[in-house]
Amino acid sequence: MEPILGRRILRFDAVESTNDTAKELLGEGAEEGTVIVAERQVAGRGRHGRAWFSPPGGLYCSIVLKGDETSARLLTLATGIPVVKALRHWSVLATLKWPNDVVFRDRKIGGVLCEGVYRHDTYWVVAGIGVNTNVPLDRLPEEVRRTATSLKAETGIEVSNDEFLAYVLREYEKVYLASRSGSRNSLTREYMALCTTIRQKVAVSTANGTVRGTAVEVTPQGALVVVDEAGKRVEVADGSIEAS
Ligand code: BTN
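In every chain, residue numbers begin from 1 and rise along the written sequence. pLDDT decides what is reported in this predicted model: residues at 70 or higher carry local features, side-chain atom pairs at 80 or more are listed and counted, and totals for whole chains, interfaces and linings draw on all residues regardless. Each side-chain value is derived from all of the structure's non-hydrogen atoms; neither hydrogens nor water enter the calculation.

**Q** Quick rundown of the pairing of strand β5 (residues 101-104)? Include the residues and the values.
**A** Side-chain alternation along β5 places Asp-101 and Val-103 on one buried face and Val-102 and Phe-104 on a second face that is also buried. By this definition, two strands are paired if DSSP reports at least two bridges between them. Numbering of helices and strands runs from the N terminus, with a helix taken as a DSSP run of H or I at least four residues long and a strand as a DSSP run of E at least two residues long. Here strand β4 (residues 95-97) hands over to β5 after 3 residues, the two strands then running antiparallel side by side. Where β5 and strand β6 (residues 107-119) come together, 4 bridges link them in antiparallel fashion. Note on β6: the bridge partner recorded for Asp-101 is Gly-111. In sequence, β5 turns back onto β6 through a hairpin of 2 residues, with Arg-105 there showing a positive phi of about 45 degrees. Partly exposed describes any residue whose relative accessible area lies between the buried limit of under 20% and the exposed limit of over 50%, with all areas from a 1.4 Å probe on protein chains only and scaled to the type maximum.

As structure tokens, then:
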């Protein structure tokens with residue numbers, strides 16, 4: 001069977017955000033599996049409206065997927081899996097920090113922003129991926145540089161972003177098919193095996209306050225389960241890990 005992801009790849013020099021370009025193109029009838037790639041973004045976005053600095057050298061792409069509201073949350077998590085695998089292929093032993101940070105030795109090397117959108121009576125998920133492949137760290141603002149790294153800074157290797165993307169898409173195809181076929185438990189297990197948040201003491205800041213305790217698992221819906229100091233299981237659907 002022909003792969004779905006990457007059946008059409010549209011390349012841009014500069015865009016505001018590849019996620020926004022993908023959404024615009026969905027309005028014009030872009031198909032499932034279309035990939036938008038840009039050399040740089042001038043208004044790259046992360047979760048909770050944070051900026052994602054996107055100078056030339058990094059990989060910035062968005063993949064147009066079909067889904068539903070429930071699979072969207074799991075896809076947010078699952079999208080990190082192929083990114084970690086690609087980094088490992090290029091010798092960086094990256095891991096995931098719930099929900100979607102890609103880190104190496106506590107420094108952020110990549111991130112994922114999945115956004116759901118209705119177009120033409122269909123629910124789409126735009127899966128945005130940013131990876132600091134060849135980003136010169138001195139092109140990042142000081143406050144970002146303190147907690148970020150890049151594949152090139154860690155290995156000295158200048159990777160081809162096209163080859164990196166091709167690897168991500170091959171691995172993502174398996175994850176995407178699993179998310180559609182209802183193999184959510186195996187996807188969750190694969191995620192947890194790569195996620196260092198599991199078994200850690202955490203403080204998760206959420207819209208309803210901070211949840212403190214030990215992260216024990218991720219549900220098939222993508223929520224983090226924290227056992228708090230009173231031994232109660234708390235499911236956190238969205239939040240940011242504050243400290244360990
Ligand atoms: C995060 O760390 O909070 C997520 C960062 C996601 C960045 C990528 S880069 C490609 C795509 N376009 C965006 O504007 N954001 C995502």
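**Q** Break down the layout of surface pockets for me, citing the residues and quoting the values.
**A** Grid spacing is 1 Å over the protein atoms alone, the probe is 1.4 Å, and a cavity is where that probe fits but cannot get out, while a pocket is an open set with protein on both sides within 12 Å along at least five of seven lines and lining residues have an atom within 4 Å of a point. Grid points are joined across faces, edges and corners, and a volume is the space filled by probe spheres set on the points. Taken as a whole, the largest pocket spans an internal volume of roughly 1,100 Å³. If you go around the largest pocket, you meet 49 residues; those closest to its centre are Trp-52, Lys-97, Asp-101, Val-103 and Lys-108. Every element with two or more residues in the lining of the largest pocket is listed here: α1 (18-27), β3 (59-66), β4, β5, β6, β7 (122-131), α4 (142-145) and β12 (240-243). Broken down by element, the residue count for the lining of the largest pocket peaks at 5 residues, all from β6.

**Q** Tell me what's going on with the side chain of Thr-21, and back it up with residues and numbers.
**A** Within the element layout of this structure, Thr-21 appears in helix α1. Residue classification places Thr-21 among the buried residues on the basis of a relative accessible area of 10%. Contacts: residue pairs with any heavy atoms within 4.5 Å of one another. When sequence neighbours within four positions are dropped, the list of residues in contact with Thr-21 reads Phe-12, Val-15 and Ile-36.

**Q** Got a sec to walk through the pattern of salt bridges? Specific residues and values, please.
**A** Any carboxyl oxygen of Asp or Glu that lies within 4 Å of a side-chain nitrogen of Lys or Arg is treated as forming a salt bridge with it. Counted under the stated rule, the structure contains 14 salt bridges. In this structure, Arg-45 engages Glu-115 in a salt bridge whose closest nitrogen and oxygen atoms are separated by 2.8 Å. Within this pair, whereas Arg-45 is found in the loop between β2 (34-41) and β3, its partner Glu-115 is found in strand β6, the two being separated by 70 residues in sequence. A relative accessible area of 28% means that Arg-45 is categorised as partly exposed. Given a relative accessible area of 16%, Glu-115 falls into the buried group. The shortest N-O distance in the salt bridge between Glu-142 and Arg-146 comes to 3.5 Å.

**Q** Describe helix α2 (residues 69-78), and please don't skip the residues or the numbers.
**A** The buried count for α2 comes to 7 of 10 residues, which makes it a mostly enclosed element. Turning to α2, its buried residues number three or more, namely Ser-71, Ala-72, Leu-74, Leu-75, Thr-76, Leu-77 and Ala-78.

**Q** For the site of the ligand, give the residues involved together with the corresponding values.
**A** The full set close to the ligand counts 19 residues, and Ser-17, Gln-41, Arg-45, Arg-47 and Lys-108 are the nearest of them. Pairs of N or O atoms within 3.5 Å make up the polar contacts considered here, provided that, within protein, one atom can donate a hydrogen while the other can accept it, and that residues adjacent in sequence are counted only when both atoms are side-chain atoms. Between Arg-45 and the ligand, the recorded distance is 2.7 Å, taken from a backbone N or O atom to a nitrogen atom. Between Arg-47 and the ligand, the recorded distance is 2.7 Å, taken from a backbone N or O atom to an oxygen atom. For the ligand, whose accessible area on its own is 420 Å², the fraction buried by protein is 99%. According to the grid-proximity analysis, the pocket containing the ligand is the largest pocket. Listing elements by their share of the shell around the ligand, those giving two or more residues are α1, β3, β6 and β7. Gly falls in the polar group here, along with every residue not listed as nonpolar (Ala, Val, Leu, Ile, Met, Phe, Trp, Tyr, Cys, Pro) or charged (Asp, Glu, Lys, Arg). Of the residues assigned to the shell around the ligand, the class counts are 5 nonpolar, 10 polar and 4 charged. For each residue, the test is whether any non-hydrogen atom lies within 4 Å of the molecule or strand; if one does, the residue is near. All accessibility values rest on the Shrake-Rupley procedure with a 1.4 Å probe; residue burial counts only the protein chains present in the view. Molecules are considered to sit inside a cavity or pocket once more than half of their atoms lie within 2 Å of its grid points.

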